[in-house]
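# Working through the structure, step by step
What follows is the residue order along each chain.
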Amino acid sequence: MNFIVGDKVSVLDDNIAGIITKISGNTITMESTDGFEFEFEAHEIMLFNDQNLTSVIFRDQSLDEVVREKEAFKKHKVPRIKPKERSQPAMEVDLHINQLTNSTKHMSNHEMLNLQMDTAKRQLEFAIRKRIQKVVFIHGVGEGTLKAELEYLFGRYDVKYYDADYQKYGLGATEVYIYQNPTS
């Protein structure tokens, strides 16, 4: 393209516009609208015409069509899961009695334990059916009765169980790993 001193130009790959002040072979010196001087190669700039710029750009398509096209091809970012979070259990079951019922007023200790065990069994079977690989049962520390009953329950299934993450749950939780392809 042929440029002359005084032409209004714009840089193709940057948001710089200005007026050509000097042409030296293929190198063009321009003064930006901010008053700074820049040197560019001729192929890096284009003539800038205020009136015709939008009509040239949007001659074939409207602005809305261009925006829709750009949004349609926008790459959706998949949230990156950190290795530490990858090993976190997908399911937590809180077996504290106050989480399972509104009132324990007329319940004996045996009835409360049965409610907790029924809930644990139901949630474990749900996790097996839905192929959830890790489940944490939060039982609290207490005297250890519920923990012992849970270990007996887990022993009847094809699962591996161990103390859950100490930093997150302390001593009051057991993590269950459910084998996805049990061997019969």
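## Thoughts on a nonpolar patch on the surface
On the surface, Val141, Tyr166 and Leu171 cluster together to form a nonpolar patch covering roughly 360 Å² of accessible area. As for its placement among the helices and strands, Tyr166 is situated in helix H7 (residues 166-169).

## Comments concerning the sheet that holds strand E3 (residues 27-32)
A sheet is described by the order of its strands in space; here five strands give the open sequence E4-E3-E2-E1-E5, paired in antiparallel fashion. At either margin of the open sheet sits one strand with a lone partner, and together these are strand E4 (37-41) and strand E5 (45-47). With strand direction ignored, the average angle separating the axes of adjacent strands in the sheet is 45 degrees.

## Focus on helix H5 (residues 109-129)
Its 21 residues give H5 an end-to-end C-alpha distance of 30 Å, which sits within 8% of 30 Å, the value for a rise of 1.5 Å per residue. Every buried residue of H5 is listed here: Met112, Leu113, Gln116, Met117, Thr119, Ala120, Leu124 and Ala127. Buried residues of H5, seen end-on, are gathered within an arc of 160 degrees and therefore sit on one face of the element. In H5, the exposed positions angled more than 90 degrees off the buried face are occupied by His110 and Arg129. Where the residues of H5 are buried, they touch strand E6 (91-94), helix H4 (97-100), strand E7 (134-138), helix H6 (145-155) and strand E9 (173-178). Directly beyond the C-terminal end of H5, a positive phi value near 60 degrees is found at Arg131.

## Some thoughts on the sheet that holds strand E8 (residues 159-163)
The strand order across the open sheet formed by four strands is E6-E7-E9-E8, and the pairing between neighbours is mixed. Two strands close off the open sheet at either side, each with one partner strand: E6 and E8. For this sheet the average axis-to-axis angle between neighbouring strands, irrespective of direction, equals 20 degrees. Contacting E7, E8 and E9, H6 crosses the sheet at an angle of about 155 degrees to E8.

## Quick notes on the packing of aromatic side chains
In the structure shown here, the tally under the stated rule is four aromatic pairs. Geometrically, the ring pair formed by Phe38 and Phe40 is tilted, given 6.1 Å between the ring centres and 35 degrees between the ring planes. The exposure class assigned to Phe40 is buried, which follows from its relative accessible area of 14%. Between Tyr177 and Tyr179, the aromatic rings sit 5.4 Å apart at their centres with planes inclined by 80 degrees, giving edge-to-face as the arrangement. A relative accessible area of 36% means that Tyr179 is categorised as partly exposed.

## Some thoughts on unusual backbone geometry
Located in the positive-phi region is Arg131, a residue other than glycine, with phi close to 60 degrees. Summarising the element assignment, Arg131 is placed in the loop between H5 and E7.

## Let's talk about the confidence of the model for the protein
Per-residue confidence for the protein averages 83 on the pLDDT scale, and 82% of its residues sit at or above 70. Within the protein, H5 carries the highest mean pLDDT (93), whereas helix H1 (residues 53-57) carries the lowest (56).

## Digging into H6
Within the sequence span of H6, burial applies to Leu146, Leu150, Leu153 and Phe154. Down the axis of H6, the buried set is contained in an arc of 95 degrees. They therefore lie on one face. In H6, the exposed positions angled more than 90 degrees off the buried face are occupied by Tyr152 and Gly155.

## Some words on the packing of H5 against H6
In a packed pair of helices, the relevant descriptors are the angle between the two axes and the axis-to-axis distance. Packing of H5 against H6 brings their axes to within 11 Å, and their N-to-C directions diverge by 35 degrees. Every pair of crossing elements has a handedness; the one defined by H5 and H6 is right-handed. In contact with Leu113, Gln116, Met117, Ala120, Lys121 and Leu124 of H5, H6 contributes Thr145, Leu146, Glu149, Leu150, Leu153 and Phe154. Residues of the contact of H5 with H6, tallied by class, amount to eight nonpolar, two polar and two charged.

## Thoughts on the pattern of salt bridges
Inspection of every chain in the model, using the stated rule, returns three salt bridges. Two residues, Lys168 and Glu92, come together in a salt bridge whose shortest N-O distance is 3.3 Å. Here the residue Lys168 occupies a position in helix H7, and Glu92 occupies one in strand E6, the gap between them amounting to 76 residues. With its nearest N and O atoms 4.0 Å apart, the salt bridge here joins Lys134 to Glu175.

Quick notes on the rules
Residues numbered from 1 in each chain as written. Predicted model: local features only at pLDDT ≥ 70, side-chain atom pairs only at ≥ 80, totals over all residues. Heavy atoms only, no water. Patch = residues over 30% accessible without salt bridge, like charges linked within 9 Å, V, L, I, M, F, W, Y side chains within 5 Å. Areas by Shrake-Rupley, 256 points an atom, 1.4 Å probe, with all protein chains shown as cover. Salt bridge = Lys/Arg side-chain N within 4 Å of Asp/Glu carboxyl O. Helix = DSSP H or I, 4+ residues; strand = E, 2+ residues; numbered from the N terminus. Pairing = 2+ DSSP bridges. Axes fitted to C-alpha atoms, helices over the stretch in contact; angles between N-to-C directions. Expected span 1.5 Å × (residues − 1). Buried < 20%, exposed > 50% of the residue type's maximum accessible area, 1.4 Å probe, protein only. Arc of directions from axis to C-beta. Contact = heavy atoms within 4.5 Å. Phe/Tyr/Trp six-rings, centres within 6.5 Å; stacked < 30°, edge-to-face > 60°. pLDDT = per-residue confidence, 0-100. Left-handed = near helix turned anticlockwise from the far one by under 90°. Nonpolar A, V, L, I, M, F, W, Y, C, P; charged D, E, K, R; others polar.

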